[in-house]
Amino acid sequence: MYEPLSVSVHACHWANVGPETNVLVMGAGPIGLITLLAPRAFEAPRIVVADVNDHRLSVAKALSAHEIVKVSTNIEEVAEEVAKIKEAMGTRVYVSFDCAGFNKTMATALSATGSGGKVCLVGMAQRELTLPLTSAAARSSKVDVKPLITHRFGFSQKEVEKAFETSAGGGNAIKVIFNL
Ligand SMILES: *[C@@H]1O[C@H](CO)[C@@H](O)[C@H](O)[C@H]1NC(C)=O
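It should be emphasised that the depicted structure is a prediction, and the values quoted were computed from it without experimental measurement. (Residues numbered from 1 in each chain as written. Predicted model: local features only at pLDDT ≥ 70, side-chain atom pairs only at ≥ 80, totals over all residues. Heavy atoms only, no water.)

Caption draft 1: Fine view of the overall build of the protein. Summing up its helical and strand segments, the protein has eight helices and seven strands in all. What you see for the protein is a C-alpha radius of gyration of 21 Å, clearly larger than the 16 Å of a compact globule of 180 residues, by over 25%. Overall, the protein is about 65 × 30 × 30 Å in size when its C-alpha atoms are taken along their principal axes. Out of the 180 residues belonging to the protein, those deemed buried represent 35%. (Helix = DSSP H or I, 4+ residues; strand = E, 2+ residues; numbered from the N terminus. Rg over C-alpha atoms; globule rule 2.2 N^0.38 Å. Buried < 20%, exposed > 50% of the residue type's maximum accessible area, 1.4 Å probe, protein only.)

Shown next, in the form of structure tokens:
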């Protein structure tokens, strides 16, 4: 039991889990159940566990989860389930541990975690994962990308042609955008 526990302790160190970090654990299988133990020891104020299986969830609750959320395997339901998870957390999710490692559990973890938070992949069910990186990355409002916009064009036929010439022409164009 100590080997998987060491994985959880390491994950908590990596994600700086402490008295101010609420933790989401995706998956209540053997890895998820053991992973939810360490955040407790690190004094995480709130731990929410999500899984597809009622029995596993009840074990998670008995162990130390503050709240449990039943989810499905249907990828279409990510948004709905993220809302349920946020409600169960009641406040920001700082750290998510994906202890399942499916497209869907990672998508849920990425979406549920607050900006600037951390998502840590602990379990690996799929050999390859497809992740919604744009929605995960497009939150950095603290980064000013405006200086990268070097040219702006209107949306008329002529302007569009000029825009593409500018963009393809190499030279000084970095980001060429249209004003709509
Ligand atoms: C993960 O997503 C990719 C891309 O949509 C898909 O090809 C793959 O089958 C998915 N894997 C599973 C196990 O659903």
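Caption draft 2: Broad picture of the sheet that holds strand β4 (residues 93-98). What the five strands build is an open sheet, ordered β3-β2-β1-β4-β5; its pairing is parallel. The two strands at the open ends of the sheet, each matched to only one other strand, are β3 (67-70) and β5 (113-121). In this sheet, neighbouring strand axes are inclined to one another by 20 degrees on average, regardless of whether the strands run parallel or antiparallel. Pairing between strand β1 (residues 23-26) and strand β2 (residues 47-51): four bridges, direction parallel. From the neighbouring strand, V25 faces β2, where its bridge partner is V49. Along the sheet face, helix α1 (residues 2-14) touches β4 and β5 and points at about 150 degrees away from the line of β5. Sitting on the sheet, helix α6 (residues 103-112) is in contact with β1, β4 and β5, with an inclination near 150 degrees to β5. (Pairing = 2+ DSSP bridges. Axes fitted to C-alpha atoms, helices over the stretch in contact; angles between N-to-C directions. Contact = heavy atoms within 4.5 Å.)

Caption draft 3: Looking closely at the state of the cysteines. Under the counting rule described, the total for this entry stands at zero disulfides. Among the cysteines around C99, which has no disulfide bond, C120 carries the closest sulfur, lying 8.1 Å off. Owing to a relative accessible area of 11%, C120 belongs among the buried residues under this scheme. (Disulfide = S-S within 2.5 Å.)

Caption draft 4: Quick look at the site of the ligand. Neighbouring residues of the ligand: N103, Q126 and T130. In the environment of the ligand, a nitrogen atom lies 3.3 Å from a nitrogen or oxygen atom belonging to the side chain of Q126. Contact between the ligand and T130: an oxygen atom at 3.3 Å from a side-chain N or O atom of the residue. (Near = heavy atom within 4 Å. Polar contact = N/O pair within 3.5 Å; in protein donor to acceptor, adjacent residues only side chain to side chain.)

Caption draft 5: Seen up close, unusual backbone geometry. Phi is positive for N16, close to 55 degrees, though the residue is something other than glycine. Structurally, N16 can be placed in the loop between α1 and β1. Judged by its relative accessible area of 55%, N16 is exposed.

Caption draft 6: Layout of the side chain of E81. Along the chain, E81 turns up in helix α5 (residues 78-89). What makes E81 buried here is its relative accessible area of 3%. For E81, the contacting residues outside a window of four places in its chain are V71, S72 and K104.

Caption draft 7: Representation of α1 in the model. Between its first and last C-alpha atoms α1 spans 18 Å; for 13 residues at 1.5 Å apiece the expected length is 18 Å, and the two agree. Of the residues making up α1, those classed as buried are S8, A11 and C12. Down the axis of α1, the sector holding all buried residues measures 100 degrees, keeping them to one side. The exposed set on the far side of α1, more than 90 degrees from its buried face, consists of Y2, E3, H10 and H13. Here the buried face of α1 lies against α2 (30-35), α3 (37-41), β4 and β5. Just downstream of α1, N16 is the residue with a positive phi angle, here 55 degrees. (Expected span 1.5 Å × (residues − 1). Arc of directions from axis to C-beta.)

Function cannot be read off these values alone, since they describe shape.
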